[in-house]
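Take a look at the letters that make up each chain.
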Amino acid sequence: MRVKFVLKYNLLARLFGSLMKVSFGGLSKTSLAWKNPGTGPDLRDHPQRARMKRVEGLRANSSQFSLEKQPFRILGGSVHYFRVPRTYWEDRLLKMKACGINTLTTYVPWNLHEPERGVFDFEDDLDLEAYLRIAASLGLWVILRPGPYICAEWDFGGLPSWLLRDQNMKLRTTYSGFTDAVNSFFDELIKKVTPYQYSQGGPIIAVQVENEYGSYAKDDKYMPFIKEALLSRGITELLLTSDNKDGLKLGGVKGALETINFQRLDINEVKYLNEIQPQKPKMVMEFWSGWFDLWGGLHHVFPAEDMISVVKEVLKLNMSINMYMFHGGTNFGFMNGAFAVGLPAPEPMVTSYDYDAPLSEAGDYTTKYHLLRNLFSSYHNQPLPELPPTQERRAYQSVVVQQHLSLWDSLHSTEKPFKSERPINMENLPVNNNNGQSYGYTLYETVITSGGTLNSKNNIRDRALVFVDKQYVGVLDYKVQELVIPDGKGSRTLGLLVENCGRVNYGTTLDEQRKGLVGDVELNSNVLRGFIIHSLDMKPGFVNSLQTTGSWVPMQQQPSFPAFFQGKLYVNSSPKDTFIKLSGWTKGVVFINGRNLGRYWSIGPQQTLYVPGPWLHKGDNQVVVFEEQEADGKLQFISSPDYGMTVDVQ
């Protein structure tokens, strides 16, 4: 375990500032705290209709926020709807309300809402309007953070990968290729959320302009563009920006209140915020209640007593605060980001986004939750709601793997392979209606006539399993860039199965996040040409189509890797949450009933994957595991998570 690396990394993270995204929450004893939201809008059917007359929304005209011209303190908490099964949205927000939080903050992930250019998805688990209606019905205000960039430890900071098909793309600038795409997305998004603004009887009291732009700051015309993009489409509520202390110097925009992000309180940072905005409310938009984890590192914890002491000090300073995260949830699928600031190469984030937050990944109360509830209760004029019950969990009987399917035998279920003289990065492949491949794996095959030294020229993004005639040879990645290919007779097929491990979500390298083979690969200093390229994005349609193939082999026969493994989880009553543990497996992805639970990797720290009960059903549930190198014959289900060895956030 790389304790030294993790501690060094934590120091770097402090130096380079805010990696985490947050929002606000809090109340003053004299505020209208619950009065307005609870008795206000019923938005389930009529988002524009409120039961009470509204005169003036959230204002920042003095040293304290006001709402309806009454003093108001934001006690906020971040819960991202896209990291929580829809069935549990209300449960998580009820627990937020019971903690004494009055304001929900959430990002909006562009990459999920517009997976292909011009194709928009706001249904089911991405029904943002339904999420806003639930918040309103529970009496929670909302601070919306629509991006277009969100960071969030989310792949590419929420930007859609098809933007990278433009070789000249300049992200987060006023480059027309980017602004045209933003305008198209905002045309769809903003019209959905404007009816939920406070002035329309809805819960949205503030909207954030972009996100931590001061840490990027490549175009001084960009923030005014984003601000105008919001205003011109009907956003009328208070505008905010969010930055760490260093970012405050470059991240603001005229007409928006600047807020600050941190974990440890430095009074000089608060003084600086006051200096650049005298007689304005002070708010910690992202108070990092924990931290994220990287594969190969340790599980970060921020001690509860340290957390609560900072929150107390912030409130004593008459500031508003938003807990980032209040409830982290999960990076389901391939949606984890990667961290690169101060590191020689990007390090991908784990699947869990538990974040050591007050509400755990599975929605359980923690010591942090109870400390916050006790503290926040003193900022309310009436008792807090009773605690909602926690979800039951089950340690289901282990699943015995019944059959396996070689990766090579699954290729007929993918889109038609593409022939190219040169390697092509996944985003520029002619798949997904010419939007390229966003996530997963890409297989590059070419013919070789000798063995020797294979050199990646550091053009593999991010990790490649290397095969000769389907026999595993080794791994190439950022650290290992050369591999010896054994000699053999005649022509043989060289295969490189390249995994996109997650795009960087923070820092100045966003323009460089193309994945797959991003340049030439050499064998004995000769450039390889003549590729056949298979796209393996492992979408639900592909995973489900595997069931109809006749190439599955019983486990009595030795599997060849990589391979898909299949078993059935039997649930004999109402399904409950559980965790899958893959002891004896090495690295891959788990699908249950066609849903991608995310990646696992034996190097840790994370050793379990969260399985939401609502994604199961009574009877047989289909479990499919894509494993790269080594498989056990069974899959364990346990009732508690294992996030690995811990280290305190420094």
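Reading the values: the criteria
- Each chain has its residues counted from 1, following the order in which its sequence is written.
- Local features are withheld for residues below a pLDDT of 70 in this predicted model, meaning they are given only at 70 or higher, and side-chain atom pairs are given and counted only at 80 or more; totals for whole chains, interfaces and linings count all residues.
- Hydrogens and water are ignored here; the side-chain numbers use all heavy atoms of the structure.
- Secondary structure is summarised from DSSP: a helix means a run of H or I of at least four residues, a strand means a run of E of at least two, and numbering begins at the N terminus for each.
- Radius of gyration: over C-alpha atoms. The globule rule applied is 2.2 Å multiplied by the number of residues raised to the 0.38 power.
- Exposure classes here rest on a 1.4 Å probe applied to the protein chains alone. A residue is buried below 20% of its type maximum, exposed above 50%, and partly exposed in between.
- Only heavy atoms enter the contact rule, under which two residues are in contact if any of them lie within 4.5 Å.
- Residue burial considers only the protein chains on display, and all accessible areas are found by Shrake-Rupley using a 1.4 Å probe.
- We score Asp and Glu as negative and Lys and Arg as positive, and we do not count His or the chain ends.
- Every charge is mapped to an atom, namely NZ of Lys, CZ of Arg, CG of Asp or CD of Glu.
- Here the rule is simple: two strands pair whenever DSSP picks up at least two bridges between them.
- Inter-axis angles, ranging from 0 to 180 degrees, are taken between N-to-C directions of lines fitted to C-alpha atoms, where helices are fitted over the stretch in contact.
- Domain delimitation follows an automatic or database domain assignment.
- Two parts placed together each lose some accessible area under a 1.4 Å probe, and the buried area is that loss summed for both.
- The rule for a salt bridge is simple: a side-chain nitrogen of Lys or Arg has to be within 4 Å of a carboxyl oxygen of Asp or Glu.
- Contacts described as polar in this section are N or O atom pairs within 3.5 Å, which, within protein, must combine one atom able to donate a hydrogen with one able to accept it, while residues neighboring in sequence count only if both atoms come from side chains.
- All residues other than Ala, Val, Leu, Ile, Met, Phe, Trp, Tyr, Cys, Pro, Asp, Glu, Lys and Arg, Gly among them, are scored as polar; the first ten of these are nonpolar and the last four charged.
- Stacked, edge-to-face and tilted are the three classes for Phe, Tyr and Trp ring pairs, Trp counted by its six-membered ring, which pair at centre distances within 6.5 Å; planes under 30 degrees apart are stacked, over 60 edge-to-face, the rest tilted.
- Counting as a charge over the ring demands two things of the Lys NZ or Arg CZ atom: a distance within 6 Å of the ring centre and an angle within 35 degrees of the ring normal.

Caption draft 1: Broad picture of the overall build of the protein chain. The secondary structure content of the protein chain amounts to 13 helices and 37 strands. At 25 Å, the protein chain has a C-alpha radius of gyration in line with the 26 Å of a compact globule built from 650 residues. Along the longest, intermediate and shortest principal axes, the C-alpha atoms of the protein chain span 80 × 55 × 50 Å. Looking at the 650 residues of the protein chain, the share that counts as buried comes to 63%. Considering only contacts in the protein chain between residues 6 or more positions apart, those separated by 24 or more positions represent 80%. Total accessible area on the protein chain stands at roughly 23,300 Å², and carbon and sulfur atoms take up 48% of it. Across the protein chain, the mean location of the 68 positive side-chain charges is 4 Å away from that of the 68 negative side-chain charges.

Caption draft 2: Up close: the pairing of strand 19 (residues 452-455). Bridge count between strand 19 and strand 23 (residues 482-485): four bridges; the pairing is antiparallel. The residue bridging Leu454 from the neighbouring strand is Leu483, located in strand 23. One ladder, built from two bridges, connects strand 19 with strand 26 (residues 522-523); its direction is antiparallel. Bridge pairing links Asn455 to Glu522 in strand 26.

Caption draft 3: Highlighting the sheet that holds strand 17 (residues 418-420). The strand order across the open sheet formed by six strands is 17-28-18-24-21-22, and the pairing between neighbours is antiparallel. If you trace the sheet from one side to the other, it starts and ends with strand 17 and strand 22 (471-476), each paired once. Geometrically, the sheet is characterised by an average inter-axis angle of 25° between neighbouring strands, direction not taken into account. In this sheet, strand 24 (residues 492-499) lies alongside strand 18 (residues 441-448) in antiparallel orientation, the contact comprising eight bridges. Looking across to strand 24, one finds that Val447 is bridged to Thr493.

Caption draft 4: A look at the environment of Arg394. Residue position: Arg394 is located in the loop between helix 11 (367-377) and strand 15 (399-400). A sequence separation of 185 residues divides Arg394 from Phe579, and the C-alpha atoms of the two residues are 8.5 Å apart. Among all residues touching Arg394, those that are not within four sequence positions of it are Lys576, Asp577, Thr578, Ile638 and Ser639.

Caption draft 5: View of the domain arrangement of the protein chain. If you check the domain split of the protein chain, you get domain 1 (60-378), domain 2 (399-405 + 542-648) and domain 3 (422-529). If you average the C-alpha positions of domain 1 and of domain 3, the two centres end up 35 Å apart. The partner domain 3 presents 27 residues to the 38 residues of domain 1 that form the contact. For the domain 1 and domain 3 pair, buried surface summed over both sides reaches about 2,800 Å², with 51% attributable to carbon and sulfur atoms. Note that Arg503 is salt-bridged to Asp155, the shortest N-O span being 3.0 Å. For the pair domain 1 and domain 3, the number of links is 19 residue pairs in polar contact (both at pLDDT 80 or more). Residue composition of the side of domain 1 that touches domain 3, by class: 19 nonpolar, eight polar and 11 charged.

Caption draft 6: Representation of the pattern of salt bridges in the model. Tallied over the full model, the rule gives 25 salt bridges. In this structure, the salt-bridge partner of Glu499 is Lys587, at a minimum N-O distance of 2.5 Å. Of the two residues, Glu499 is situated in strand 24 and Lys587 in strand 32 (residues 587-592); the sequence distance between them amounts to 88 residues. For the residue pair Glu499 and Lys587, the accessibility class agrees, reading buried in each case. Among the ionic contacts, a cluster of salt bridges with common partners joins Arg463, Glu499, Lys587, Arg599 and Glu628.

Caption draft 7: Geometry of the environment of Asp166. Structurally, Asp166 can be placed in the loop between strand 6 (141-145) and helix 6 (176-193). Taking the relative accessible area as the measure of exposure, Asp166 reaches 24% and is therefore partly exposed. Separated by 261 residues in the primary sequence, Asp166 and Glu427 have C-alpha atoms spaced 9.5 Å apart. At 2.8 Å, the side chain of Asp166 forms a polar contact with the backbone nitrogen of Asn168. Within the structure, Asp166 has its side chain in polar contact with the side chain of Tyr175 (distance 2.6 Å).

Caption draft 8: Structural view of the packing of aromatic side chains. Taken as a whole and judged by the stated rule, the model has 35 aromatic pairs. Their ring planes at 45° and their centres at 5.3 Å tell us that Tyr81 and Tyr131 sit as a pair that is tilted. Of the two residues, Tyr81 sits in the loop between strand 4 (75-79) and helix 3 (89-98) while Tyr131 sits in helix 5 (residues 128-137), which places them 50 residues apart along the sequence. In this pair, the class of Tyr81 matches that of Tyr131, namely buried. By way of ring pairs, the aromatic residues Trp110, Trp162, Phe178, Phe185, Phe186, Tyr213, Tyr216, Tyr222 and Phe225 are connected into one cluster. Over the ring of Tyr216 we find Arg172, and its NZ or CZ is 4.5 Å from the ring centre. Stacked on the ring of Trp601, the Lys or Arg Lys587 has its end atom at 4.7 Å from the ring centre.

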